[in-house]
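# Structure assessment
Letter by letter, the chains look like this.
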Amino acid sequence: MELIASLPADTPLNDVASYARRAETLGFDVLHVPETFHDPFVTSVLALAHTTTLVVRTSMVVAFPRSPMVTSYAAWDLAQYSNGRFQLGLASQVRGNIVGRYSTTWTDPVGQLRDYIGSVRAIFTAFQEGSGLHYEGPHYRFDRLQPYFDPGPIDCAPPSFWTGGVNRGMCALAGEVSDGFVCHPAASHPRYLEARIRPALRAGAAGAGRTDSGPRIVVNVRPLVGRTCDEVDACRDERRRELAFLYSTPAYHRQLELLDLPDLGPKLTEMVAAREWASLPSLLTNDVLDRLLPAGTWGELPGILGEWYGSHCDGISLGLSSDPAEDDRIERFVQETKMIPPLHIP
C-alpha cells in the first residue's frame, strides 16, 4: 500500500522543505501538495529540491484558470528537475470558486477537464518527440510550438495524470483518462468506494476501451488516533466540529446515506442555514464518528486500516503529526501500514 503524507494547506513556504524531508525520513512514498493558499508548482519545487526519493504529487492543481500550455511547462520542468518524481494532479474546483474567485468561465466541467488533459498530453508528446503540436478539441486548440519555445525531451517519463471528484461524471472521466484517482475525504469510506466510485471508474475505463486495470485509487483518511484510548477519545472530540461542517455540504450527503445515516446530512444543512454553529458537533455522536472514520491507537491502526481498505485502494493519504516526539511511533506505523495489500498489484 502506498502511503501519502498530505501537506497542510497553511504550511508557510519556509517550512515546506522540512515537512517534505520529515515525510521522506518517516517512510512515506508520496507528498500531496494542495492548491489553497500557495501556488502548487512553487510548493512542489521546494519539496522536490529537499528530498531524494519522495514523489511529489499536486492534489490538486486548479486547471481551468491556467492555459494547458502554462501547466505543461511547469509540470515538464518539475519532472525533468526531479528525474521523474513529480506527478500532476488536476481538478476542476467548484463553480463558485472558478467564477467568483478566479474570474474564469464555467461551462462543462467534465468535458472541459477531459479536453484539458488531452491537450496537456498532446503538448507533452510534442515536447518529447519534436513532432509539432496539432491538437483540437471542444474547448482547446493548439497548433503552434516554434522551436524557440519548445523545451525539448526529458530523460524520464512525462508526469502521470491524477484527478479527483465526488460525482459520477468526474469518477467516470478518471476511468477514461487518468493514471490515478484521489478520493475526497467525504467519499473515502470503503462502502462508498465499492458502491459508487469503483463502478464509475470501471464504466469510464470500459467506455474508453482501456486495456489496463484502470486508474490507481488513493483514499483520503483522517483516522481517530492516539497513543492511548484516552487520546483517541480526545481526537474524537476535536474532530466533531470539522466533520459536522464538512457533511453539512449537500454534495457529501451520499456517503452518509450509504452508511445508514440519511437524516444526518439534511439536518446539518438546516442548522448551517439557521447559523446554529455551536450545535452542529452535537449531532456527530461517538457512534456516528466510528462509522465515518477508522479509530484506534497507533499500534492498532495498521490492522484497522487493513480491515477497512485492504484490496480496496492503492494508497492512503494521511495527515502527519506536527509533534516530532511522535516520529518513532509514526515510522513504525508507516512500515506496518505499507504491508496492507493494495487493489492493483504492481
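Scroll up to find the structure.
First, a word on what this report is: a plain description of the structure on this page. (Residues numbered from 1 in each chain as written. Predicted model: local features only at pLDDT ≥ 70, side-chain atom pairs only at ≥ 80, totals over all residues. Heavy atoms only, no water.)

A count of helical and extended segments in the protein chain gives 13 helices and 13 strands. Its C-alpha atoms give the protein chain a radius of gyration of 21 Å, near enough to 20 Å, the size a compact globule of 346 residues would have. Burial status across the protein chain gives 53% buried among its 346 residues. Sequence-distant contacts in the protein chain: of pairs separated by 6 or more residues, those separated by 24 or more amount to 76%. Considering the protein chain, the positive charge centre built from 31 side chains and the negative charge centre built from 41 side chains are found 4 Å apart. (Helix = DSSP H or I, 4+ residues; strand = E, 2+ residues; numbered from the N terminus. Rg over C-alpha atoms; globule rule 2.2 N^0.38 Å. Buried < 20%, exposed > 50% of the residue type's maximum accessible area, 1.4 Å probe, protein only. Contact = heavy atoms within 4.5 Å. Lys, Arg positive; Asp, Glu negative; His and termini not counted. Charge placed at Lys NZ, Arg CZ, Asp CG, Glu CD.)

On to the layout of surface pockets. The volume enclosed by the second largest pocket comes to roughly 570 Å³. Listed by contribution, the elements that provide at least two residues to the lining of the second largest pocket are strand 11 (224-226), helix 8 (229-246) and helix 13 (327-337). The leading source of residues in the lining of the second largest pocket is helix 8, at six residues. Residue classes in the lining of the second largest pocket are distributed as twelve nonpolar, three polar and six charged. (1 Å grid on protein atoms, 1.4 Å probe; cavity = no way out; pocket = protein on both sides within 12 Å on 5 of 7 lines; lining within 4 Å. Points joined across faces, edges and corners; volume = space filled by probe spheres on them. Nonpolar A, V, L, I, M, F, W, Y, C, P; charged D, E, K, R; others polar.)

Turning our attention to the packing of aromatic side chains. Taken as a whole and assessed by the stated rule, the structure comprises ten aromatic pairs. Pairing W76 with F124 gives two aromatic rings, centres 5.2 Å apart and planes at 35 degrees, and the pair type is tilted. Of this pair, W76 sits in helix 3 (residues 68-82) while F124 sits in helix 5 (residues 109-129), and the two are 48 residues apart along the sequence. Accessibility classification places W76 together with F124 in one group, the buried group. Its end group placed over the ring of W162, R57 keeps NZ or CZ at 3.6 Å from the ring centre. (Phe/Tyr/Trp six-rings, centres within 6.5 Å; stacked < 30°, edge-to-face > 60°. Lys NZ or Arg CZ within 6 Å of the ring centre and 35° of its normal.)

Counted by the stated rule, this structure contains zero disulfides. Here C229 stays unpaired: no disulfide links it, and the sulfur of C235, its closest cysteine neighbor, is 13 Å away. (Disulfide = S-S within 2.5 Å.)

The N-to-C vectors of helix 6 (residues 168-177) and helix 7 (residues 190-207) enclose an angle of 50 degrees; their axes lie 6 Å apart at closest approach. Looking at the two axes, helix 6 sits oblique to helix 7. Here the hand of the crossing between helix 6 and helix 7 comes out right-handed. On helix 7, the residues that touch R168, C171, A172, A174, G175 and E176 of helix 6 are I197, P199, A200, L201, A203, G204 and A205. Of the residues in the contact of helix 6 with helix 7, the class split is nine nonpolar, two polar and two charged. (Axes fitted to C-alpha atoms, helices over the stretch in contact; angles between N-to-C directions. Parallel < 35°, antiparallel > 145°, perpendicular 65-115°, else oblique. Left-handed = near helix turned anticlockwise from the far one by under 90°.)

All of the buried residues in helix 1 (residues 13-25) are V16, A17, Y19, A20, R22, A23 and E24. In this structure, the buried residues of helix 1 make contact with strand 1 (2-6), strand 2 (30-33), helix 2 (40-49) and helix 13. Phi for G27, located one or two positions after helix 1, is positive at around 100 degrees.

The next subject is unusual backbone geometry. That bond from S59 to M60 is cis: its omega, 5 degrees, falls within 30 degrees of zero. With respect to the element layout, M60 can be found in the loop between strand 3 (55-58) and strand 4 (61-62). For S311, which is not a glycine, the phi torsion comes out positive at approximately 65 degrees.

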